[in-house]
Amino acid sequence: MANSYEMMSARVTAVEQATPQIKRFTLERADGQPLPAFTGGSHIIVQMKGADGRQFSNAYSLMSDPADTSSYQIGVRLEEQSKGGSAFMHQQVEVGTELVISSPNNLFAIDPAAGRHVLIAGGIGITPFLAQLPELRAQGARYELHYAFRSPEHGAFQGELADGPHAQQVRFYVDSLGTSLNLAGLIGGLDADAHVYVCGPKPLIDAVIATAKAQGIPDARVHWEQFAAAPATGGAFTVVLAQSGRELQVEEGMTILQAIEKSNAAQVECLCREGVCGTCETRILEGEAEHFDQYLSDDEKAAQQTMMLCVSRAKGQRLVLDL
Ligand code: FES
């Protein structure tokens, strides 16, 4: 069931332009205390409030060394299709800005059962791996990072990867230089105890999952993460709120959460609005959901007991929810 988060005030202590589209932000707790411990692959929810009162809430992977909780670092890509959060981070956040952040949660953890860890990053998908690398090294694990990006200027943090302690474990693939990633070659012939992790754009994640399937690698050995709310695609449907008996029409392009908020039909807790935090998890009483979240496991999605109202939709024409 839904994770509970501690919210805290954090101050931005450094901002670095890593590529034309990516900035790295360093955050320290505003009260000077250490930040909560985390493991590689964790994310936090960052809440932002604009001068005009508009609020944004995005999930960002922690990219700093988990051994150091004096600060967190996050990497933020300026999204062309920004819901507002990444533009806010890029245009309005500077050294000294205070933000509200959540305690970390990890949906993309290193699997201790793996005998070898094959990490595949595309673009901004590098960030969770930057926190996993020191963890894997500290554990004495066998690991390798394959990092693909469009052109040399878009390869965020490649300098520190190429020169740092993981240099021997890192390979770069640059589209514009013709050194693209060959997934079949990379994933084919992996040891039976190797696990594959992928983070980046959806086409890369889909390609890794499909390649792993084609190579007969069980799902349990393939881990992926992508932040960015899945678009609310699909036709209109009806939602019935069982506790009040109210019926709402969820139009095409609208989320259930938006329909509930628009009609003031119920109170729903919602922290991230992109299917990551789990706070809007709601019990399904009738009907089936089409799940677009990152929070529920595949088994939980198949069980159709609960759903995330911020991103997931109805499979059919009608859903009855325990609200
Ligand atoms: S608000 Fe975070 S999963 Fe829905």
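Because the structure is a prediction, the values reported are computed rather than measured. (Residues numbered from 1 in each chain as written. Predicted model: local features only at pLDDT ≥ 70, side-chain atom pairs only at ≥ 80, totals over all residues. Heavy atoms only, no water.)

Thoughts on the layout of surface pockets
Within this model, the second largest pocket holds a volume of roughly 620 Å³. Lining the second largest pocket are 22 residues, and of these Asp219, Val222, His223, Trp224 and Asp298 sit closest to its centre. Elements represented by at least two residues in the lining of the second largest pocket include exactly helix H5 (202-214), strand E12 (222-225) and helix H7 (298-303). When the residues that make up the lining of the second largest pocket are grouped by side-chain class, the tally is eleven nonpolar, three polar and eight charged. Both domain 2 (116-225) and domain 3 (237-321) contribute no fewer than three residues apiece to the lining of the second largest pocket. (1 Å grid on protein atoms, 1.4 Å probe; cavity = no way out; pocket = protein on both sides within 12 Å on 5 of 7 lines; lining within 4 Å. Points joined across faces, edges and corners; volume = space filled by probe spheres on them. Helix = DSSP H or I, 4+ residues; strand = E, 2+ residues; numbered from the N terminus. Nonpolar A, V, L, I, M, F, W, Y, C, P; charged D, E, K, R; others polar. Domains from an automatic or database assignment.)

Describing the side chain of Asn58
Summarising the element assignment, Asn58 is placed in strand E4 (residues 55-61). Polar side-chain contacts of Asn58 include one of 2.9 Å to the side chain of Tyr60. Those residues in contact with Asn58 that sit more than four places away from it in its chain are Ile44, Ile45, Val46, Met48, Lys83, Gly85, Ser86 and Glu274. (Polar contact = N/O pair within 3.5 Å; in protein donor to acceptor, adjacent residues only side chain to side chain. Contact = heavy atoms within 4.5 Å.)

Some remarks on the sheet that holds strand E17 (residues 306-308)
Sheet strands pair via backbone hydrogen bonds, and the direction of the pair is either parallel or antiparallel. The strand order E14-E13-E19-E15-E17 describes an open sheet built from five strands, whose pairing is mixed. Single-partner strands in this sheet number two, and they are strand E14 (246-250) and E17. Each strand of the sheet is rotated relative to its neighbour by a mean of 40°, with strand direction disregarded. Pairing of strand E15 (residues 281-286) with E17 involves three bridges; the strand directions are antiparallel. Pairing of Thr282 across the sheet is with Met307, part of E17. Relative to E14, helix H6 (residues 256-263) is tilted by about 125°, and along the sheet it contacts strand E13 (237-241), E14, E17 and strand E19 (318-321). (Pairing = 2+ DSSP bridges. Axes fitted to C-alpha atoms, helices over the stretch in contact; angles between N-to-C directions.)

Considering the UniProt feature "binding site: [2Fe-2S] cluster" (unreviewed entry) in the protein chain
Under the local residue numbering, the UniProt record ascribes the feature "binding site: [2Fe-2S] cluster" (unreviewed entry) to Cys272, Cys277, Cys280 and Cys310. These residues run over 39 residues, yet every pair of their C-alpha atoms falls within 10.3 Å of each other. Under the relative-accessibility criterion, Cys280 is labelled buried at 3%. For Cys280, the residues in contact, after removing those within four places along its chain, are Val268, Glu269, Cys270, Met307, Met308, Leu309 and Cys310. Inspection of the secondary structure puts Cys310 in the loop between E17 and strand E18 (313-314). The contact partners of Cys310, leaving out residues within four places of it in the chain, are Thr255, Leu257, Arg273, Glu274, Gly275 and Cys280. (UniProt positions renumbered as here; feature names shortened; annotations may be inferred. Buried < 20%, exposed > 50% of the residue type's maximum accessible area, 1.4 Å probe, protein only.)

Some remarks on the environment of Arg150
Turning to its location among the elements, Arg150 is positioned in the loop between strand E9 (143-149) and helix H3 (158-163). On the basis of relative accessible area, Arg150 is assigned to the partly exposed category, the value being 45%. For the pair formed by Arg150 and His195, sequence separation is 45 residues and the distance between their alpha carbons is 25 Å. When residues no more than four places from it in sequence are discounted, the contact partners of Arg150 are Gln21, Arg77, Val174, Asp175 and Ser176. Within the structure, the side chain of Arg150 is placed 3.1 Å from the side chain of Gln21, a separation counted as a polar contact.

Regarding the pattern of salt bridges
Any two side chains of opposite charge can pair, so long as their charged atoms come close to each other. According to the stated counting rule, one finds 14 salt bridges in the structure shown. For Lys213, the salt bridge goes to Asp219, with nearest N and O atoms at 3.1 Å. In this structure, Arg283 and Asp322 form a salt bridge, with 3.3 Å as the shortest nitrogen-oxygen distance. One end of the pair, Arg283, is in strand E15; the other, Asp322, is in the segment after E19, with 39 residues separating them in the sequence. Judged by its relative accessible area of 25%, Asp322 falls in the partly exposed class. Ionic contacts of the salt-bridge type, sharing partners, join the residues Glu6, Arg29 and Asp31 into one network. (Salt bridge = Lys/Arg side-chain N within 4 Å of Asp/Glu carboxyl O.)

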